[in-house]
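Structural features, examined
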Amino acid sequence: MIIKVWGCRGSLPSPGPENNIYGGNTSCVQVSYKNICIILDGGSGIQRLGKYLEPGFTEIHILLTHLHIDHTMGLGFFQPLYDPNVTVHLWGPSSTVEPLLNRLRRYFSPPLFPVRMNDLPNHPIIHEIDNSDFEIGELKIKSSYICHPGATLGYRIDDGECVFTYLPDHEPALGSANFPFDPEWTSGFELARNADLLFHDGEYTEEEYQSRVGWGHSSIDGAIDFARLCGVRKLCVFHHDPLNSDKKLEEIFDTSMETKNPQFIVELCKEGATYTLGGGE
């Protein structure tokens, strides 16, 4: 299983020379396994992914964690949607308020976007999911609701050998009275338990988080605590604050690493980075 990062910035694209190392595009991650192409979220990074996607894919699966604009803003610019030879599946969270199709159509309509979903060569196939277990080819996928405002899912992808967990917008400390010491009632625990690779929200410093409880995001300290509780092998901190430059991100990260001293691999997610799971990895 190969995981490539096309965008790991949170909330708002933030291009600029001060962000060249970790990137300015919002959430978009590609998972490749044999002839399967899965895309996690449709943030601004999906535009570039579509431009450079390897030829030959006739079926693409886009798994949306939620419909906040930083996770969907790139969908209309994803070139395979305009290729009549490609079938695109859109997976996303079920809601008691409105069907997923209607919520997606709100984006694919003026004044937000000039092209309506019905105008695409192939109407995307819509899948509503919740606390679900399903398969795409040989990959086993588990989705669960997690702590973040609105209907929001996290994903666990298992190829039979390795596990990748994706929790880009997540506040694990919110649901448990005894976080990070007890997994009971800890949001996302079953998704991340013993994962080989975890992408997890780490937007704030610990000081910033104290004034933003309930906003749906985590500090880097909290991400490390969550990863330790879940017994993950490697943590990649995701959803970087758009106000933080590369230098600032590294300063915050170094402070957290010194404070928490994790006994597993932790790094800042970087746009363009590729991770290979399996085959001795």
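Refer to the preceding data block for the structure.
Residues numbered from 1 in each chain as written. Predicted model: local features only at pLDDT ≥ 70, side-chain atom pairs only at ≥ 80, totals over all residues. Heavy atoms only, no water.

1. Some points on the side chain of histidine 148
- Residue position: histidine 148 is located in the loop between β8 (139-145) and β9 (153-158).
- By relative accessible area, histidine 148 is classed as buried at 9%.
- A polar contact of 3.3 Å, which involves the side chain of histidine 148, links it to the side chain of histidine 68. (Helix = DSSP H or I, 4+ residues; strand = E, 2+ residues; numbered from the N terminus. Buried < 20%, exposed > 50% of the residue type's maximum accessible area, 1.4 Å probe, protein only. Polar contact = N/O pair within 3.5 Å; in protein donor to acceptor, adjacent residues only side chain to side chain.)

2. Considerations on the sheet that holds strand β4 (residues 59-63)
- Reading across the sheet, the seven strands line up as β6-β5-β4-β3-β2-β1-β14 and stay open at both edges, with mixed pairing between neighbours. The outermost strands of the open sheet, each flanked by one partner alone, are β6 (125-129) and β14 (274-276). Averaged over all pairs of adjacent strands, the angle between their axes in this sheet comes to 20°, without regard to strand direction.
- Across five bridges, the pairing between strand β1 (residues 2-7) and strand β2 (residues 28-33) is antiparallel. Within β2, the position partnered with isoleucine 3 by the bridge is valine 31.
- Relative to the sheet, helix α2 (residues 100-107) contacts β5 (87-93) and β6, its axis offset from that of β5 by approximately 110°. (Pairing = 2+ DSSP bridges. Axes fitted to C-alpha atoms, helices over the stretch in contact; angles between N-to-C directions. Contact = heavy atoms within 4.5 Å.)

3. Re the environment of glutamate 54
- Note on placement: glutamate 54 falls in the loop between α1 (45-52) and β4.
- Accessibility expressed as a relative area gives 43% for glutamate 54, which makes it partly exposed.
- As a C-alpha pair, glutamate 54 and leucine 75 span 21 residues in sequence and 18 Å in three-dimensional space.

4. Some words on helix α6 (residues 246-260)
- Taking 1.5 Å of rise per residue, the 15 residues of α6 would be expected to cover 21 Å, and the 21 Å separating its terminal C-alpha atoms lies within 8% of that figure.
- The inward-facing, buried residues of α6 contact α5 (220-230) and β13 (265-268).
- In the segment just after α6, asparagine 261 is the residue with positive phi, at about 45°. (Expected span 1.5 Å × (residues − 1).)

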